[in-house]
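Results of the structural survey
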Amino acid sequence: ALPRAATAAARAVLGSDRVPLYSQHLPAGGGPRPEPQSPPEAQAVLFAACVSSMFGGSEAGEPSAAQALLRLCERAGVPIAVPEGLASTCCGTPWKSKGMTSGFERMTRTTLPMLWEATDHGRLPVVCDASSCTEGLEAMQAAAGPDSPWAGLRFVDSVEFVAREVLPGLQVHERLGSMALHPTCSSTQLGLNESLRKIAEAMAEEVVVPLEWRCCAYAGDRGMLHPELTASATRREAAEVGEHGFDAYASLNRTCELGMTEATGKPYRHVLQHLEAATR
């Protein structure tokens, strides 16, 4: 009650576009981004999104999406590197989407050169664990221009990477009865939804994408600034999900998972977190 009252009072003074409204659905902060590692014969370089550090998981102590990816790769025998300097980088989306051009340009000058070196000048793909950040990295590269020194970088979302490179080497020990999926705007834009379903079907007997699936309107922090937008955007999908009981609820972007958890009261987690638990 106290933080909700405090943020409501601050919003009344400073405005709803400046101060987010606290919600009891918000999780505690997550752990730090993964420590650097350089395995021999690495097949990819991990760019762990900062949203998993800002927002912890639905269950205390569970691995983040990035940690789940690293564990899955280890089990499947697919070595993946984590670069030095990751904590100082960002996909640039928070800056770009708010029109903060100088911040976006600074992140571009920091992030792309770091990844260029970490991938051996583009030889290895960059794997990101949040679909909106995967799209953000691609947008950052495009904004740098086709003649930039980092034009040869290749970005792939963790869901696509796991579906193609990791899933064949895994063994599911405990299958779920049913799973509800929430694709995202960025996963649709990037063509990831088929991979999302493929992973879900590997561990659940029934996989359902609600007919009323729409953008959740959480949009990074937009759902905290204007919760009425998320409430409106998710109303039909939440009602459809509520008509059925599912064993698990999954998406592939942390803030979208927060939006759907708030809308439905169900614990939405990254699909790789579910897969990690199912293959232990």
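It should be noted that the structure appears before, not after, this text.
My aim in this report is to walk through the structure given alongside it, one point at a time.

Turning our attention to the pattern of salt bridges. Counted according to the given criterion, the structure contains 11 salt bridges. For Glu276, the salt bridge goes to Arg71, with nearest N and O atoms at 3.4 Å. Here the residue Glu276 occupies a position in helix H14 (residues 271-278), and Arg71 occupies one in helix H3 (residues 65-76), the gap between them amounting to 205 residues. A residue is classified by how much of its surface remains accessible, and Arg71, at 36% relative accessible area, is partly exposed. The partner of Glu212 in a salt bridge is Arg214, and the shortest N-O contact between them spans 3.7 Å.

Looking now at the sheet that holds strand S1 (residues 45-47). In space, the 3 strands of this open sheet follow the order S1-S2-S3, with parallel pairing throughout. Each edge of the open sheet is held by one strand with a lone partner, namely S1 and strand S3 (155-157). Adjacent strand axes in the sheet meet at a mean angle of 35°, parallel and antiparallel pairs treated alike. With 3 bridges connecting them, strand S2 (residues 126-128) and S3 associate as parallel partners. Each residue of the ladder has a partner; that of Cys128, found in S3, is Asp157. Each of S1, S2 and S3 touches helix H6 (residues 131-144); the most contacted strand, S3, lies at about 165° to it. Contacting S2 and S3, helix H7 (residues 158-166) runs over the sheet at an angle of about 80° to S3.

Each value, and the rule that gives it
- Sequence order sets the numbering: in each chain, residues are counted from 1 along the sequence as written.
- In view of the model being predicted, local features appear only for residues whose pLDDT reaches at least 70, and side-chain atom pairs are presented and counted only at 80 or more, with totals across whole chains, interfaces and linings using the full set of residues.
- The basis for the side-chain values is all heavy atoms of the structure; hydrogens and waters are excluded.
- We define a salt bridge as a side-chain nitrogen of Lys or Arg found within 4 Å of a carboxyl oxygen belonging to Asp or Glu.
- What counts as a helix is a DSSP run of H or I of at least four residues, what counts as a strand is a run of E of at least two, and both are numbered from the N terminus.
- A 1.4 Å probe rolled over the protein chains alone gives each residue an accessible area, and that area as a share of the maximum for its type sets the label: buried under 20%, exposed over 50%, partly exposed in between.
- Note on pairing: DSSP must find at least two bridges between two strands before they are called paired.
- To get an axis, a line is fitted to the C-alpha atoms, and for a helix only the part in contact is used. The angle between two axes follows their N-to-C directions and goes from 0 to 180 degrees.
- Contacts were defined at the residue level, with two residues in contact if any of their heavy atoms lie within 4.5 Å.

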